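Descriptive structure summary
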Amino acid sequence: FGETVAASHHTIAVGAPGDDDLGANSGAVYVFVETAGVWSLEAKLLPSDGAAGDEFGASVDIEEDLILVGAPGREMVGVGLDVGAAYAFERSGTVWTEEIQLLASDPGARNLFGASVAIAGEDHHAESADQLVIVGAPQDSDVVPYGGSAYVFAETAGVWTEEVKLTDANAGENDLFGTAVDMLGAMAIVGSPQDDDFVPDGGAIFAFEEDLGVWTQTQHKFGVAPSNPDRRLGSSVAISHVAVVAGAPL
């Protein structure tokens, strides 16, 4: 409990990916609200199809009455283990309801889709969408083994669609692009903590921006150089109107 947290106004979402309600390590998310300085538990969120090992709550984000939760350990029949999924919950009054389960259009075993999630919020500026979210899949192997990817989904009038799959065209093996993601407006930030372009496993960060439905990399990936190896820059990322912050835990 507390492995992941997110806050929006007077509501906090807390991930507990080791919760066992639906099986060992099936996971859960707890929602707390503050009223007149007093915090209380509003809901405990569980996925409609949760199962052992899903680790629902390994990632979480909240914006107003929308919570997005990653379950990177979710198994998919016919595909394999650790395919992953993300779930959107919406609040009406004090009741949270699962709105949709988001899946990659090209799921793969061990992709860990849902290892990171972020919501763009009301400031997304997308002309045709009501909401934008991003879901990381750091072990996706489309470009190279475990090069990683991140998927952007758009919601319009209650209908969710996958808008784009973001990757590093020059990814190296085990870069883990998508380990961390964040969104602000129509800009997405993606961390790739084992990128080797600057130094071995020094890590890098990527910025993408959407214009009229088209996503482009707005800046070459950036990192810290010169630097010691194994910094793992991009293990965590956050964006505001004026800055990007990235963690380098090693």
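Up top is the structure.
All of the points below concern the structure found in this document.

Parameters at a glance
- Residue numbering note: each chain is counted from 1, following its sequence as written.
- Residue-level local features of this predicted model are given only where pLDDT is at least 70; pairs of side-chain atoms are given and counted only at 80 or more, and the full residue set underlies all totals for whole chains, interfaces and linings.
- As a convention, hydrogens and water are excluded, and side-chain values are obtained from all of the structure's heavy atoms.
- Strands were regarded as paired on the criterion that DSSP finds at least two bridges between them.
- In this description a helix means any DSSP run of H or I spanning at least four residues, a strand means any run of E spanning at least two, and both kinds are numbered starting from the N terminus.
- Interaxial angles span 0 to 180 degrees and are taken between N-to-C directions of axes, which are lines fitted to C-alpha atoms, for helices over the stretch in contact.
- Cavity: a set of points on a 1 Å grid over the protein atoms alone where a 1.4 Å probe fits but cannot get out. Pocket: an open set with protein on both sides within 12 Å along at least five of seven lines, its lining residues, like those of a cavity, having an atom within 4 Å of a point.
- Grid points are joined across faces, edges and corners, and a volume is the space filled by probe spheres set on the points.
- Under this grouping Gly is polar, as are all residues other than the nonpolar Ala, Val, Leu, Ile, Met, Phe, Trp, Tyr, Cys and Pro and the charged Asp, Glu, Lys and Arg.
- When a carboxyl oxygen of Asp or Glu is within 4 Å of a side-chain nitrogen of Lys or Arg, the pair counts as a salt bridge.
- Only protein chains enter the area calculation, which uses a 1.4 Å probe; residues under 20% of their type maximum are buried, those over 50% are exposed, and those in between are partly exposed.
- Polar contact is the term for a pair of N or O atoms within 3.5 Å; when the atoms are in protein, one must be able to donate a hydrogen and the other to accept it, and sequence-neighboring residues count only if both atoms are side-chain atoms.
- The contact definition used throughout considers only heavy atoms, calling two residues in contact when any of these lie within 4.5 Å.

The antiparallel open sheet is built from four strands, whose spatial order is S9-S10-S11-S12. Only two strands of the sheet have a single partner each, and these edge strands are strand S9 (116-119) and strand S12 (159-166). Along the sheet, successive strands turn relative to each other by an average axial angle of 20°, direction set aside. Sheet topology note: the strand S11 (residues 149-156)/S12 ladder contains seven bridges and is antiparallel. In the sheet register, threonine 156 faces S12, and the bridge partner there is valine 159.

For the rest of this paragraph, the subject is the layout of surface pockets. The volume enclosed by the largest pocket comes to roughly 370 Å³. Thr4, Ser59, Val60, Val117 and Val181 are the residues nearest the centre of the largest pocket, which is lined by 17 residues in total. In terms of residue class, the lining of the largest pocket is built from 11 nonpolar, four polar and two charged.

This next bit is on the pattern of salt bridges. Applying the stated rule across the entire model yields nine salt bridges. Put simply, lysine 44 and aspartate 21 hold a salt bridge, and the shortest N to O gap is 2.7 Å. In this pair, lysine 44 sits in strand S4 (residues 38-45) while aspartate 21 sits in the loop between strand S2 (11-16) and strand S3 (28-35), placing the two residues 23 residues apart along the sequence. Since its relative accessible area comes to 48%, aspartate 21 is described here as partly exposed.

What follows covers the side chain of serine 26. Mapped onto the secondary structure, serine 26 falls in the loop between S2 and S3. Taking relative accessible area as the criterion, serine 26 reaches 0% and is therefore assigned buried. Looking at serine 26, its side chain comes within polar contact range of the main-chain oxygen of glycine 23, at 2.9 Å. Ignoring anything within four residues of it in the chain, the contact list for serine 26 reads Pro17, Asp19, Asp20, Asp21, Ala51, Ala52, Gly53, Asp54, Glu55 and Phe56.

Relative to S4, S3 runs antiparallel, the two sharing seven bridges. Residue pairing across strands places tyrosine 30 opposite lysine 44, the latter belonging to S4.

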